[in-house]
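# Chain and residue survey
Next come the chains, spelled out residue by residue.
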Amino acid sequence: MARTIDITIPDLSGKLAVVTGASDGIGFVIATRLAGAGAEVIIPARNPAKGEQAADRVRGLVPGARITTRPLDLASLDSVTALTNQLVGEGRPIHILINNAGVMTPPSHQTTKDGFELQFGTNHLGHFALTQGLLPLLSAGRARVTHQTSVAARSGAINWDDLNWDRDYDVMKAYRQSKIAVGLFARELDARSAAAGWGITSNLSHPGVSPTNLLSAQPGMGRPTDTREVRLIRVLSRIGVAGTPSTAALPALLAATGPDSRGDQFFGPKGLGNVGGAPAEQRLWAPLRDMAEAHKVWETSERLVGAAFPA
């Protein structure tokens, strides 16, 4: 009989958590587990109907769950600002923020509403602006901010000469760039919080490989059918090589709630190739180690989104 892979999540009663990308897949598992531990959970969603369906599913799995949805399109800085202004106006401290949402390998070069390459703009810049806008609430809650990167960030680099990939577009290199930026932002956020006394800690996780909707059919993004990659991942998941959405959610949950988890740590599956298995702390991949690059990502992102963190 296969060993069950799980972690114990501490009592989160009285805590407020925000989880992006929680309307399905790994994010849905994360939101459900946080709600099951007693946290109140906000799941911002680009599709309000899908978000509410996900909230209803959580309530069905966790009787008495306190979960609400808010509109958020990470590919629109105006949408990000609208949400952060709303939450700051409500004034409730946030204790956990999990920047989990993402898009992967659109079938053509696409851009956000603000003109950024879709993956960089959504996966990194949208979350950068969200975290910046929520900073007063995160500081008030002495929050843990956990950022979801990807095994794709094991290699690659930031394409500083052409961040939007307007020339020689390589969709996978652009995806790697977006997830490297996520990781470098996570590290710089923790360093700046410690230096400035913001009171938050920031760390990093990756889910390994599991059969989620990231590579499935997404007609709204121009992908009419499932990719070959996701069909293969489903097979690997069934035979126990890759993870499942339930196990793939555990590194982020450990990073965000583990009693021994700290800022500037990196968590992922510890199985073969780090694609599945139980969650554990891991050594940073080479593209995520250079703090000079992290500083450059931060300064560039502030300029691109037009909003700066406190000095």
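Rules behind the numbers
Residues numbered from 1 in each chain as written. Predicted model: local features only at pLDDT ≥ 70, side-chain atom pairs only at ≥ 80, totals over all residues. Heavy atoms only, no water. UniProt positions renumbered as here; feature names shortened; annotations may be inferred. Buried < 20%, exposed > 50% of the residue type's maximum accessible area, 1.4 Å probe, protein only. Helix = DSSP H or I, 4+ residues; strand = E, 2+ residues; numbered from the N terminus. Right-handed = clockwise from strand over helix to strand, strands pointing away. Pairing = 2+ DSSP bridges. Polar contact = N/O pair within 3.5 Å; in protein donor to acceptor, adjacent residues only side chain to side chain. Contact = heavy atoms within 4.5 Å. Salt bridge = Lys/Arg side-chain N within 4 Å of Asp/Glu carboxyl O. Phe/Tyr/Trp six-rings, centres within 6.5 Å; stacked < 30°, edge-to-face > 60°. Lys NZ or Arg CZ within 6 Å of the ring centre and 35° of its normal.

If you look the protein chain up in an unreviewed UniProt entry, it shows as SDR family oxidoreductase from Streptomyces millisiae. Check the Sequence similarities (unreviewed entry) section of the UniProt entry for the protein chain; it says "Belongs to the short-chain dehydrogenases/reductases (SDR) family."

The next subject is the pairing of strand 5 (residues 144–148). By the criterion of burial, strand 5 is predominantly enclosed, with five of the five residues buried. Here strand 5 shows a buried face lined by Arg144, Thr146 and Gln148 and a second buried face lined by Val145 and His147. This β-α-β element, strand 4 (residues 96–99) to helix 4 (residues 118–140) to strand 5, shows right-handed connectivity. As defined by bridge partners, strand 5 adjoins strand 6 (residues 201–205) across five bridges and the pair is classed as parallel. Bridging from a neighbouring strand, His147 pairs with Leu204 of strand 6. Running through helix 5 (residues 171–196), the crossover from strand 5 to the neighbouring parallel element strand 6 is right-handed.

Glancing now at the side chain of Ser202. Along the chain, Ser202 turns up in strand 6. Judged by relative accessible area, Ser202 falls into the buried class, the value being 1%. Of note is the side chain of Ser202, whose polar atom sits 2.9 Å from the side chain of His147. Setting aside its immediate chain neighbours within four residues, Ser202 contacts Val145, His147, Ala186, Leu189, Asp190, Gly263 and Asp264.

Applying the stated criterion across every chain yields a total of 11 salt bridges. In this structure, Asp6 engages Arg33 in a salt bridge whose closest nitrogen and oxygen atoms are separated by 2.9 Å. Pair noted here: Asp6 is in the segment before strand 1 (16–19) and Arg33 is in helix 1 (residues 25–36), with a separation of 27 residues, a long-range link. In this structure, the salt-bridge partner of Arg59 is Glu52, at a minimum N-O distance of 3.0 Å.

It is worth spelling out the packing of aromatic side chains at this point. Scanning the model with the defined rule gives nine aromatic pairs in all. Taking 5.7 Å as the distance between ring centres and 45 degrees as the angle between the ring planes, the aromatic pair formed by Phe185 and Trp298 counts as tilted. With a gap of 113 residues between them, Phe185 in helix 5 and Trp298 in helix 9 (residues 291–305) connect regions that are remote in the sequence. An identical accessibility class is assigned to Phe185 and Trp298; each is buried. Residues Trp198 and Phe309 carry aromatic rings whose centres are separated by 5.8 Å and whose planes lie at 25 degrees to one another, so their mutual orientation is stacked. Here Trp198 is found in the loop between helix 5 and strand 6, whereas its partner Phe309 is found in the segment after helix 9, with 111 residues between them in sequence. For the residue pair Trp198 and Phe309, the accessibility class agrees, reading buried in each case. The aromatic ring of Phe28 is capped on one face by Arg57, whose charged end is 3.8 Å from the ring centroid. The ring of Trp160 has Lys296 sitting right over it, with the charged end atom 4.4 Å from the ring centre.

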